[in-house]
Amino acid sequence: MSEETKPVDENYVIAARREKLDKLRAQGNAYPNGFRRDTLTADVHGFYGERDAASLESETQVFALAGRLMAKRVMGKASFGQLQDMAGRLQIFVQQNAVGEAVYEAFKGFDVGDILGVRGTVFRTKTGELSIKAQSVELLVKGIRPLPEKWAGLTDTEIRYRQRYVDLIVNPEVKRVFEKRGLTVRFIRQFLDALGFMEVETPMLQPIPGGATARPFITHHNALDRELYLRIAPELFLKRLVVGGFEKVYEINRNFRNEGLSTRHNPEFTMLEFYQAYADYRDAMDLVENLIRDLALTVNGSSTLHYQGRDHDLGKPFLRWSMREAVQQFNADFDAARVNDREYLAAFAKKVGGDVKPAYGAGKLLTEIFEKTVEAKLHDPTFITEYPTEVSPLARRNDDNPEVTDRFEFFMGGREVANGFSELNDADDQAGRFKAQVAAKDAGDDEAMVFDADYIRALEYGLPPTAGVGIGIDRLVMFLTDSASIRDVLLFPQMRPEV
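Residues numbered from 1 in each chain as written. Predicted model: local features only at pLDDT ≥ 70, side-chain atom pairs only at ≥ 80, totals over all residues. Heavy atoms only, no water.

The chain goes by Lysine--tRNA ligase in an unreviewed UniProt entry, where it is assigned to Solimonas aquatica. According to the UniProt record, the Subunit (unreviewed entry) comment for the chain is "Homodimer." Here is the UniProt Catalytic activity (unreviewed entry) comment for the chain, exactly as written: "tRNA(Lys) + L-lysine + ATP = L-lysyl-tRNA(Lys) + AMP + diphosphate". (UniProt positions renumbered as here; feature names shortened; annotations may be inferred.)

Structure (structure tokens):
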């Protein structure tokens with residue numbers, strides 16, 4: 001019975017493998033670095049996957065492959081193994097008379113999890129499996145810790161997140177999630193580049209936390225002897241660039257918000273933000289709709305997204321409702337005519353479990369009602385517009401109704417995916433809203449913004465009419481990969497301390 005099948009204590013296995021490693025060290029270099037791979041397993045499958053056994057008998061080309069030994073079966077003087085590299089898996093066939101007695105005996109002692117270099121030719125076994133007939137096998141790295149036997153059956157997801165390196169080795173589905181994430185970011189860049197946007201980089205360490213209402217991480221710069229903040233959003237810097245003449249810019253950025261952990265939130269996350277001069281929030285909605293629809297077609301090959309038991313049709317036009325209309329749609333007893341009546345809204349918000357504080361105006365209370373009664377029910381792709389000015393400190397007021405802004409949020413599957421608006425470019429109006437945010441912070445709102453005097457100065461030079469959008473990359477990838485938790489689409493999610 002092999003190490004991989006008999007129930008043994010992990011410490012015993014590690015000790016046995018370390019003993020093998022000690023012998024390798026005694027023989028010379030236990031970690032050789034001279035093997036050079038020239039082929040991936042997927043290439044072999046691609047070149048020869050349609051060829052039958054008879055046609056492969058004349059193939060003499062020798063391929064050099066390298067990867068991790070994922071399975072091994074010893075049968076006298078011939079053995080089989082499964083070699084896994086970045087592209088997939090391929091069976092290897094090792095015979096004593098082909099590699100020599102010394103190499104074959106060494107191979108018999110290799111463990112699942114070891115990293116090997118193999119040279120050989122392509123053939124099919126009697127069962128028809130495409131394989132490499134080894135001419136040489138070399139141990140490149142000794143795996144000290146054994147791989148889990150049935151990783152897919154583990155119920156402790158905490159271990160998978162903490163030891164993502166093992167999760168990726170043994171679970172191909174997890175690897176495909178992150179391959180799709182890479183494709184998503186690549187597509188977004190190509191999409192925006194084709195529209196004439198320029199990718200830029202803005203500071204991650206900022207003297208003032210701005211661009212969003214959130215609690216920042218605080219650090220200290222010794223040389224300057226001042227506090228700095230990990231950015232909560234790049235927005236104010238990107239709009240400074242629009243002032244400077246870069247009229248179509250975007251950044252795929254890391255943001256940091258000192259908030260809780262959940263299936264939707266990680267304190268470090270990835271956002272796309274883009275800004276376009278001489279456009280408004282309606283242009284931005286059109287762009288977002290086209291981007292998300294084309295992204296799904298490119299990454300998943302379909303305009304229908306299947307997420308957590310529901311299908312979301314991205315092929316038809318996305319719904320567009322004002323916040324007032326949405327609240328009315330999902331609350332039959334809501335009186336839309338009293339949308340500016342603070343007392344009525346406060347009572348309604350309390351009734352539905354919303355937060356009600358003395359400092360909250362009608363706009364904030366309407367938003368509370370929306371978040372409690374509507375947001376989770378927006379399963380179809382939906383744009384919500386006309387956000388109250390009170391909760392939109394950076395958005396332009398609507399010309400016809402100054403109590404609301406030309407702002408939207410995009411929802412799908414009951415989750416916010418994007419936020420955008422016509423940018424506020426009135427320096428005096430912006431200064432007044434910053435002052436209101438400062439008052440809210442002084443009243444105890446830890447997420448309120450601070451006054452950014454330099455940003456006001458930039459606006460005084462003139463920001464063209466501009467539309468801006470922020471899209472959560474992590475949440476977008478969750479939809480594309482049918483992942484229930486944000487941790488499933490983060491390679492190394494933030495975790496509580498290991499006990």
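Colleague: Before we go on, may I ask you to explain the UniProt feature "domain: Aminoacyl-transfer RNA synthetases class-II family profile" (unreviewed entry) in the chain in this structure?
Modeller: UniProt marks residues 186-497 with the feature "domain: Aminoacyl-transfer RNA synthetases class-II family profile" (unreviewed entry), using the numbering shown here. Taken end to end, residues 186-497 comprises 33% helix and 22% strand; its first and last C-alpha atoms sit 33 Å apart. (Helix = DSSP H or I, 4+ residues; strand = E, 2+ residues; numbered from the N terminus.)

Colleague: Just to check I follow, could you spell out the nonpolar core for this structure?
Modeller: Side chains that are nonpolar tend, in soluble globular proteins, to be buried together. Core analysis: the largest hydrophobic core is formed by 46 residues, its most contacted members being L192, L272, F274 and I471. For this core, the element with the highest residue contribution is helix α10 (residues 281-300), accounting for 10 residues. Counting residues in hydrophobic clusters, the runner-up holds 23 residues, among them M323, A326, L378 and Y387. (Core = buried A, V, L, I, M, F, W, Y, C linked by side-chain atoms within 4.5 Å. Buried < 20%, exposed > 50% of the residue type's maximum accessible area, 1.4 Å probe, protein only.)

Colleague: Help me out: how do you make sense of the pattern of salt bridges in this one?
Modeller: Where charged atoms from two side chains of opposite charge approach closely, those side chains can pair. Per the counting criterion, the structure on display carries 32 salt bridges. Across the pair R164 and D167 runs a salt bridge whose closest N-O atoms are separated by 2.9 Å. Pair noted here: R164 and D167 are both in helix α7 (residues 164-170), with a separation of 3 residues, about one helical turn. Under the relative-accessibility criterion, D167 is labelled buried at 0%. Between R320 and D286 there is a salt bridge, and its shortest N-O distance comes to 2.9 Å. Of this pair, R320 sits in strand β14 (residues 319-322) while D286 is found in helix α10, placing the two residues 34 residues apart along the sequence. (Salt bridge = Lys/Arg side-chain N within 4 Å of Asp/Glu carboxyl O.)

Colleague: Please explain the sheet that holds strand β5 (residues 130-141) as it appears in this structure.
Modeller: Strand pairing within a sheet occurs via backbone hydrogen bonds; the two strands may be parallel or antiparallel. Read once around its circumference, the closed barrel built from 5 strands follows the order β1-β2-β3-β5-β4, with strand pairing classed as mixed. With strand direction ignored, the average angle separating the axes of adjacent strands in the sheet is 50°. Direction of pairing for strand β4 (residues 115-124) relative to β5: antiparallel, over a ladder of 10 bridges. Opposite F123, over in β5, you have S131 as the bridge partner. Where helix α5 (residues 101-108) meets the sheet, its contacts fall on β1 (63-75), β2 (78-85), β3 (88-95), β4 and β5, and the angle it forms with β1 comes to roughly 70°. (Pairing = 2+ DSSP bridges. Axes fitted to C-alpha atoms, helices over the stretch in contact; angles between N-to-C directions. Contact = heavy atoms within 4.5 Å.)

Colleague: Looking at this structure, I do not really get helix α14 (residues 427-442). What am I missing?
Modeller: Since one α-helical turn is 3.6 residues long, residues separated by three or four positions face the same way. Given a rise of 1.5 Å per residue, 16 residues ought to cover 22 Å, and the 22 Å separating the end C-alpha atoms of α14 matches this to within 8%. Among all positions in α14, only A427, D429, Q430, A431, R433, F434 and Q437 are buried. Close packing links the buried residues of α14 with α9 (235-243) and α15 (453-461). The N-cap of α14, judged by a side-chain oxygen 3.0 Å from the amide nitrogen of D428 a few residues on, is D426. (Expected span 1.5 Å × (residues − 1). Polar contact = N/O pair within 3.5 Å; in protein donor to acceptor, adjacent residues only side chain to side chain.)

Colleague: When you look at the packing of aromatic side chains in this model, what are you seeing that I'm missing?
Modeller: Describing an aromatic ring pair means giving the distance of the ring centres and the angle of the ring planes. Scanning the entire structure with this criterion turns up 20 aromatic pairs. Here F47 and Y48 contribute two aromatic rings whose centre-to-centre distance is 6.3 Å and whose plane-to-plane angle is 90°, an arrangement assigned as edge-to-face. Look at F383 and F410: their rings are 5.0 Å apart centre to centre, the planes differ by 45°, and that puts the pair in the tilted class. In this pair, F383 sits in strand β15 (residues 382-385) while F410 sits in strand β16 (residues 407-412), placing the two residues 27 residues apart along the sequence. With respect to burial, F383 and F410 carry one shared label: buried. Here the aromatic cluster, defined as three or more aromatic residues joined through ring pairs, consists of F318, F383, F408 and F410. (Phe/Tyr/Trp six-rings, centres within 6.5 Å; stacked < 30°, edge-to-face > 60°.)

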